Amino acid sequence: SQTIHQWPATLVQPVGSPLSLECTVEGTSNPNLYWYRQAAGRGLQLLFYSVGIGQISSEVPQNLSASRPQDRQFILSSKKLLLSDSGFYLCAWNRGGSVSGRTRQTQYFGPGTRLLVL
Amino acid sequence: SQQGEEDPQALSIQEGENATMNCSYKTSINNLQWYRQNSGRGLVHLILIRSNEREKHSGRLRVTLDTSKKSSSLLITASRAADTASYFCATDKGNAGNMLTFGGGTRLMVKP
(Lines give C-alpha, C1' and ligand atoms only; values in the text may rest on other atoms or scores of the structure.)
Protein backbone atom coordinates (compact mmCIF):
# COMPACT_ATOMS: atom_id res chain seq x y z
CA SER A 1 0.00 0.00 0.00
CA GLN A 2 1.00 3.58 -0.49
CA THR A 3 2.01 5.91 2.32
CA ILE A 4 3.09 9.51 2.46
CA HIS A 5 5.34 10.99 5.11
CA GLN A 6 6.06 14.56 6.08
CA TRP A 7 8.53 15.90 8.57
CA PRO A 8 8.91 17.60 10.82
CA ALA A 9 5.40 17.61 12.26
CA THR A 10 5.91 20.97 13.95
CA LEU A 11 8.52 23.65 13.45
CA VAL A 12 9.17 26.99 15.12
CA GLN A 13 11.63 29.18 13.25
CA PRO A 14 12.83 32.78 13.61
CA VAL A 15 12.23 35.30 10.85
CA GLY A 16 15.06 35.25 8.33
CA SER A 17 16.07 31.66 8.99
CA PRO A 18 16.10 28.99 6.25
CA LEU A 19 13.47 26.30 5.83
CA SER A 20 13.45 22.76 4.56
CA LEU A 21 10.35 20.57 4.71
CA GLU A 22 10.46 17.10 3.32
CA CYS A 23 7.80 14.83 1.88
CA THR A 24 8.27 11.26 0.71
CA VAL A 25 5.89 8.78 -0.83
CA GLU A 26 6.20 5.01 -0.63
CA GLY A 27 4.55 2.26 -2.60
CA THR A 28 4.08 4.00 -5.94
CA SER A 29 6.19 5.31 -8.77
CA ASN A 30 6.12 8.48 -10.86
CA PRO A 31 3.48 10.21 -8.75
CA ASN A 32 2.37 13.80 -9.20
CA LEU A 33 3.40 15.69 -6.07
CA TYR A 34 1.92 18.82 -4.56
CA TRP A 35 2.71 21.35 -1.83
CA TYR A 36 -0.17 23.28 -0.28
CA ARG A 37 -0.33 25.89 2.47
CA GLN A 38 -3.32 26.30 4.73
CA ALA A 39 -3.85 29.35 6.90
CA ALA A 40 -5.74 28.82 10.17
CA GLY A 41 -9.40 28.06 9.49
CA ARG A 42 -9.00 28.51 5.76
CA GLY A 43 -8.83 26.45 2.59
CA LEU A 44 -5.77 25.13 0.80
CA GLN A 45 -3.57 27.20 -1.45
CA LEU A 46 -1.57 25.27 -4.03
CA LEU A 47 2.07 26.37 -3.92
CA PHE A 48 3.93 23.95 -6.20
CA TYR A 49 3.33 20.78 -8.13
CA SER A 50 5.59 18.34 -9.89
CA VAL A 51 4.87 15.74 -12.56
CA GLY A 52 8.38 14.27 -12.55
CA ILE A 53 11.94 14.47 -11.23
CA GLY A 54 13.30 17.98 -11.57
CA GLN A 55 9.97 19.31 -12.95
CA ILE A 56 8.49 21.98 -10.71
CA SER A 57 5.60 24.32 -11.44
CA SER A 58 4.91 27.27 -9.18
CA GLU A 59 1.39 28.51 -8.67
CA VAL A 60 2.02 31.47 -6.41
CA PRO A 61 5.04 33.81 -6.50
CA GLN A 62 6.69 33.96 -3.10
CA ASN A 63 9.94 33.42 -1.28
CA LEU A 64 9.46 29.65 -1.20
CA SER A 65 10.90 27.13 -3.63
CA ALA A 66 10.43 23.42 -4.25
CA SER A 67 12.64 20.65 -5.54
CA ARG A 68 12.16 17.03 -6.51
CA PRO A 69 15.57 15.36 -6.36
CA GLN A 70 14.13 11.85 -6.48
CA ASP A 71 10.96 10.32 -7.89
CA ARG A 72 9.18 10.10 -4.55
CA GLN A 73 10.77 12.98 -2.67
CA PHE A 74 9.47 16.53 -2.66
CA ILE A 75 11.16 19.32 -0.70
CA LEU A 76 9.86 22.77 0.18
CA SER A 77 12.51 25.36 0.98
CA SER A 78 13.11 28.97 1.79
CA LYS A 79 16.34 30.91 2.18
CA LYS A 80 14.79 33.49 4.52
CA LEU A 81 11.46 32.95 6.25
CA LEU A 82 8.90 35.73 6.64
CA LEU A 83 6.25 36.04 9.33
CA SER A 84 3.64 35.47 6.63
CA ASP A 85 5.11 32.02 5.91
CA SER A 86 3.51 30.69 9.08
CA GLY A 87 0.85 28.08 8.37
CA PHE A 88 0.07 24.43 7.92
CA TYR A 89 1.94 22.87 5.01
CA LEU A 90 0.50 19.82 3.35
CA CYS A 91 2.10 17.53 0.83
CA ALA A 92 -0.08 15.39 -1.43
CA TRP A 93 0.32 12.93 -4.28
CA ASN A 94 -1.77 11.30 -6.95
CA ARG A 95 -1.05 8.57 -9.42
CA GLY A 96 -0.25 10.89 -12.28
CA GLY A 97 0.07 9.72 -15.84
CA SER A 98 -1.54 11.04 -18.98
CA VAL A 99 -4.54 8.74 -18.88
CA SER A 100 -7.31 10.23 -16.82
CA GLY A 101 -9.17 8.01 -14.44
CA ARG A 102 -10.86 8.24 -11.13
CA THR A 103 -7.97 6.78 -9.14
CA ARG A 104 -5.50 9.09 -10.83
CA GLN A 105 -7.48 12.16 -9.91
CA THR A 106 -7.80 11.56 -6.17
CA GLN A 107 -5.13 13.24 -4.09
CA TYR A 108 -3.69 11.61 -0.98
CA PHE A 109 -2.43 13.90 1.73
CA GLY A 110 0.33 13.66 4.28
CA PRO A 111 -0.15 14.55 7.94
CA GLY A 112 1.14 18.09 7.46
CA THR A 113 3.80 20.32 9.04
CA ARG A 114 2.76 23.17 11.26
CA LEU A 115 5.20 26.05 10.82
CA LEU A 116 5.33 29.03 13.15
CA VAL A 117 7.64 31.88 12.20
CA LEU A 118 8.41 34.25 15.07
CA SER B 1 -13.51 34.86 -5.37
CA GLN B 2 -11.75 31.55 -5.81
CA GLN B 3 -13.02 28.43 -7.49
CA GLY B 4 -14.91 26.18 -5.09
CA GLU B 5 -16.59 28.21 -2.38
CA GLU B 6 -18.38 26.31 0.38
CA ASP B 7 -21.51 27.41 2.12
CA PRO B 8 -22.07 27.64 5.03
CA GLN B 9 -18.66 28.38 6.51
CA ALA B 10 -19.71 26.75 9.77
CA LEU B 11 -22.52 24.38 10.71
CA SER B 12 -23.53 23.04 14.11
CA ILE B 13 -26.08 20.23 14.41
CA GLN B 14 -27.19 17.55 16.85
CA GLU B 15 -26.20 13.92 16.46
CA GLY B 16 -28.68 12.10 14.23
CA GLU B 17 -29.55 15.14 12.15
CA ASN B 18 -28.56 15.53 8.52
CA ALA B 19 -25.86 17.98 7.46
CA THR B 20 -25.88 19.67 4.06
CA MET B 21 -22.94 21.61 2.68
CA ASN B 22 -22.87 23.42 -0.63
CA CYS B 23 -20.10 24.30 -3.03
CA SER B 24 -20.12 26.71 -5.95
CA TYR B 25 -17.49 27.09 -8.62
CA LYS B 26 -16.90 29.37 -11.58
CA THR B 27 -15.31 27.56 -14.53
CA SER B 28 -16.08 24.28 -16.26
CA ILE B 29 -14.73 21.19 -14.54
CA ASN B 30 -13.71 17.60 -15.25
CA ASN B 31 -14.79 16.40 -11.83
CA LEU B 32 -15.53 17.67 -8.35
CA GLN B 33 -14.26 16.03 -5.17
CA TRP B 34 -15.08 16.31 -1.50
CA TYR B 35 -12.46 15.95 1.21
CA ARG B 36 -12.62 15.84 4.98
CA GLN B 37 -10.05 17.25 7.41
CA ASN B 38 -9.94 16.56 11.11
CA SER B 39 -8.40 19.36 13.13
CA GLY B 40 -4.65 19.62 12.57
CA ARG B 41 -4.53 16.66 10.20
CA GLY B 42 -4.20 16.01 6.48
CA LEU B 43 -7.16 15.80 4.16
CA VAL B 44 -8.92 12.54 3.37
CA HIS B 45 -10.72 11.96 0.09
CA LEU B 46 -14.43 11.20 0.49
CA ILE B 47 -16.03 11.06 -2.90
CA LEU B 48 -15.53 12.12 -6.53
CA ILE B 49 -18.30 13.01 -8.95
CA ARG B 50 -17.63 13.43 -12.65
CA SER B 51 -19.02 16.30 -14.68
CA ASN B 52 -21.42 13.94 -16.50
CA GLU B 53 -22.83 12.54 -13.25
CA ARG B 54 -25.61 14.11 -11.24
CA GLU B 55 -25.58 12.13 -8.01
CA LYS B 56 -23.26 9.77 -6.13
CA HIS B 57 -23.68 7.83 -2.91
CA SER B 58 -21.14 6.39 -0.53
CA GLY B 59 -22.44 5.06 2.76
CA ARG B 60 -24.05 7.98 4.60
CA LEU B 61 -22.73 10.46 2.04
CA ARG B 62 -24.72 11.77 -0.89
CA VAL B 63 -23.21 14.18 -3.40
CA THR B 64 -25.07 16.02 -6.12
CA LEU B 65 -23.67 18.03 -8.99
CA ASP B 66 -25.49 20.62 -11.09
CA THR B 67 -23.16 21.76 -13.84
CA SER B 68 -25.71 24.25 -15.18
CA LYS B 69 -25.61 26.07 -11.84
CA LYS B 70 -21.96 25.22 -11.22
CA SER B 71 -22.77 23.89 -7.80
CA SER B 72 -22.51 20.74 -5.72
CA SER B 73 -23.86 19.62 -2.39
CA LEU B 74 -22.66 17.11 0.17
CA LEU B 75 -25.26 15.54 2.42
CA ILE B 76 -24.26 13.55 5.49
CA THR B 77 -27.21 11.61 6.83
CA ALA B 78 -27.72 10.50 10.43
CA SER B 79 -24.68 12.47 11.58
CA ARG B 80 -22.42 11.27 14.38
CA ALA B 81 -20.11 13.15 16.72
CA ALA B 82 -17.21 11.57 14.82
CA ASP B 83 -18.31 13.45 11.69
CA THR B 84 -17.09 16.67 13.32
CA ALA B 85 -14.47 18.01 10.90
CA SER B 86 -13.95 20.51 8.09
CA TYR B 87 -15.23 19.55 4.67
CA PHE B 88 -13.75 20.90 1.45
CA CYS B 89 -14.83 20.71 -2.14
CA ALA B 90 -12.16 20.66 -4.81
CA THR B 91 -12.54 21.10 -8.53
CA ASP B 92 -10.45 19.40 -11.17
CA LYS B 93 -10.40 21.18 -14.52
CA GLY B 94 -8.69 18.25 -16.18
CA ASN B 95 -5.51 20.16 -16.89
CA ALA B 96 -1.99 18.82 -16.89
CA GLY B 97 -0.74 17.93 -13.45
CA ASN B 98 -4.22 16.98 -12.19
CA MET B 99 -4.33 20.11 -10.09
CA LEU B 100 -7.20 20.67 -7.71
CA THR B 101 -8.60 24.01 -6.58
CA PHE B 102 -9.96 23.89 -3.04
CA GLY B 103 -12.64 26.02 -1.47
CA GLY B 104 -12.52 27.57 1.98
CA GLY B 105 -14.32 24.66 3.64
CA THR B 106 -17.29 24.14 5.91
CA ARG B 107 -16.55 23.50 9.58
CA LEU B 108 -19.08 20.96 10.83
CA MET B 109 -19.68 20.36 14.49
CA VAL B 110 -21.93 17.48 15.50
CA LYS B 111 -23.01 17.67 19.12
CA PRO B 112 -23.60 14.41 20.99
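Computed from a predicted model, the values in this text were never measured in an experiment.

Draft legend 1. Seen up close, the sheet that holds strand β1 (residues 3-7) of chain A. All names here are of chain A. Across the sheet, four strands lie side by side as β1-β3-β8-β7; this open sheet has antiparallel pairing. Only two strands of the sheet have a single neighbouring strand rather than two, namely β1 and β7 (64-70). Averaged over all pairs of adjacent strands, the angle between strand axes in this sheet comes to 20 degrees, irrespective of strand direction. Direction of pairing for β7 relative to strand β8 (residues 73-78): antiparallel, over a ladder of five bridges. Across the sheet, Ser65 pairs through a bridge with Ser77, a residue of β8.

Draft legend 2. Layout of the interface of chain A and chain B. Between chain A and chain B, the residue contacts involve 27 residues of the former and 25 residues of the latter. For the pair chain A and chain B, the summed buried surface comes to about 1800 Å²; carbon and sulfur atoms form 48% of the total. Here chain A and chain B share zero salt bridges between them. Here chain A is connected to chain B by five residue pairs in polar contact (both at pLDDT 80 or more).

Draft legend 3. Molecular detail of the pairing of strand β8 (residues 71-76) of chain B. Residue and element names in this part refer to chain B. Within β8, five of the six residues are buried, which leaves the element mostly enclosed by the surrounding structure. Across six bridges, strand β3 (residues 19-24) lies against β8 in antiparallel orientation. Note that in β8 the partner of Met21 across the bridge is Leu74. Bridge count for strand β7 (residues 61-66) against β8 is six bridges, and the pairing is antiparallel. By the bridge assignment, Val63 is partnered in β8 with Leu74.

Here is what the cut-offs are and how they apply
- Residues numbered from 1 in each chain as written.
- Chains lettered and ligands numbered in written order.
- Predicted model: local features only at pLDDT ≥ 70, side-chain atom pairs only at ≥ 80, totals over all residues.
- Heavy atoms only, no water.
- Pairing = 2+ DSSP bridges.
- Helix = DSSP H or I, 4+ residues; strand = E, 2+ residues; numbered from the N terminus.
- Axes fitted to C-alpha atoms, helices over the stretch in contact; angles between N-to-C directions.
- Contact = heavy atoms within 4.5 Å.
- Buried area = accessible area lost by both parts, 1.4 Å probe.
- Salt bridge = Lys/Arg side-chain N within 4 Å of Asp/Glu carboxyl O.
- Polar contact = N/O pair within 3.5 Å; in protein donor to acceptor, adjacent residues only side chain to side chain.
- Buried < 20%, exposed > 50% of the residue type's maximum accessible area, 1.4 Å probe, protein only.

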